[in-house]
Amino acid sequence: MIKIAIQKSGRLFDESIKLLKECGLSIDNGKGQLKAQVRNFPAEILYLRNSDIPFYVEQGIADLAIIGQNVVAEKEVQIEELLTLGFSKCRLSIATPRNTSYHSITDLQGKRIATSYPATLKQYLEKNKVDAAIHLINGSVEIAPSIGLADAICDLVSSGSTLFKNNLIENEVIFKSQAALYGNKDALDKKKTDVEQLVFRMSSVIRARQYKYILFNIPNKSIDAASAILPGLKSPTIVPLIEDDWSSLHSVIKNDDTWDIIDQLKQVGAQGILISDMSKIVV
Ligand code: PRP
């Protein structure tokens, strides 16, 4: 039985549940529930406070956890990162009020910086030989300069809208983060079979999210030109059409390349181009 910790509320909750369900785990996540048995996999879900999760994994109370890399870095725990998950991408940044000038990190020498990430900030300041006072605040950090509590802040930025609304400018990105799957070192050994099975399922789902399935019709004389445009996992599948001298090509392309590839395929005579999402890719 593996114990998997996820956030009980907050930004990672919905995506974590969605990912586990796409991995085939049948989970009862009723409101206010702190623990749930998975009905069709030897696992139990623990719904925990974000900031506690790294310690629970380190101590072996949870075997696995889905959590932001930023939280793990801040808590300075010894746990294994098994897989990056591609969601909850954000950055930990230093920002200063719009009406103050900022040229480099040395401008913060002797200043006050408010943050919920004191350890990560301290490391960054030490690396840059800047001596500043770190004020620990556990939420609404962006308000600190406007109420006279600090000269700068260091907090998570995702869309940037909280900084904008508080008249702050992002000056230094000190850590880039996304959600990841972490594991307790002993559990990775003792519960190897179940852990490997879950990691395998998760990587198949995560990989599928990065790609699209493409299929289109193409005159046979243009198959080589079309194949050259498609990077795919392997070479494209070619299926002859009933109509003479035409074929259907099937392949897999990266999300980010989709529109470029469609434009290029049109130029070599592709027709009836279909693009669809995939739920799993097993390589
Ligand atoms: C986080 C973070 C920022 C905000 C940034 O807070 O602390 O305040 O998101 O996001 P944005 O760049 O998209 O505006 P969150 O809402 O997660 O709550 P928290 O204050 O409890 O951390």
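Predicted, not measured: the structure shown is a model, and the values here were computed from it.

Novice: Pulling in residues and values, what's your account of the environment of Asn40?
Specialist: Looking at the secondary structure, you find Asn40 in the loop between β2 (35–37) and β3 (43–48). Overall, the relative accessible area of 46% leaves Asn40 in the partly exposed class. Here the alpha-carbon distance between Asn40 and Asp277, two residues 237 residues apart in the chain, equals 26 Å. Residues in contact with Asn40, not counting those within four places in the same chain, are Gly24, Leu25 and Ser26. A polar contact is formed between the side chain of Asn40 and the backbone nitrogen of Ser26, at a distance of 3.0 Å.

Novice: Which residues make up the pairing of strand β4 (residues 64–68), and what are the values?
Specialist: Most of β4 is tucked away: 5 of the 5 residues are buried. Because side chains alternate across β4, one face comprises the buried residues Leu64, Ile66 and Gly68, and the other comprises Ala65 and Ile67, equally buried. With 2 bridges connecting them, strand β1 (residues 2–7) and β4 associate as parallel partners. The partner of Ala5 across the bridge, within β4, is Ala65.

Novice: Go over the site of the ligand with me, naming the residues and quoting the values.
Specialist: The local shell around the ligand consists of Arg11, Glu142, Asp155, Leu156, Val157, Ser158, Ser159, Gly160, Ser161 and Thr162. Glu142 is positioned such that a nitrogen or oxygen atom in its side chain is 2.7 Å from an oxygen atom of the ligand. Protein coverage of the free-state accessible area of the ligand, which is 500 Å², stands at 64%. Structurally, the ligand is housed in the largest pocket. The set of elements that each furnish at least two residues to the shell around the ligand consists of β9 (152–157) and α5 (161–165). In terms of residue count, β9 provides more of the shell around the ligand than any other element does, 3 residues in total. Here the residues of the shell around the ligand are counted per class, giving 2 nonpolar, 5 polar and 3 charged.

Novice: An account of helix α9 (residues 258–267) is requested, with residue identities and associated values reported.
Specialist: Here α9 has its buried residues at Thr258, Ile261, Ile262 and Leu265. The buried residues of α9 occupy an angular sector of 105° when projected down its axis, which confines them to one face. Among the exposed residues of α9, those pointing more than 90 degrees away from its buried face are Trp259 and Gln267. Contacts from the buried residues of α9 go to β12 (211–219), α8 (223–229), β14 (246–254) and β15 (271–276). One or two steps after α9, the chain reaches Gly269, where phi turns positive at roughly 100°.

Cut-offs and rules
- Residues numbered from 1 in each chain as written.
- Predicted model: local features only at pLDDT ≥ 70, side-chain atom pairs only at ≥ 80, totals over all residues.
- Heavy atoms only, no water.
- Helix = DSSP H or I, 4+ residues; strand = E, 2+ residues; numbered from the N terminus.
- Buried < 20%, exposed > 50% of the residue type's maximum accessible area, 1.4 Å probe, protein only.
- Contact = heavy atoms within 4.5 Å.
- Polar contact = N/O pair within 3.5 Å; in protein donor to acceptor, adjacent residues only side chain to side chain.
- Pairing = 2+ DSSP bridges.
- Near = heavy atom within 4 Å.
- Areas by Shrake-Rupley, 256 points an atom, 1.4 Å probe, with all protein chains shown as cover.
- 1 Å grid on protein atoms, 1.4 Å probe; cavity = no way out; pocket = protein on both sides within 12 Å on 5 of 7 lines; lining within 4 Å.
- Sits in = over half its atoms within 2 Å of the grid points.
- Nonpolar A, V, L, I, M, F, W, Y, C, P; charged D, E, K, R; others polar.
- Arc of directions from axis to C-beta.

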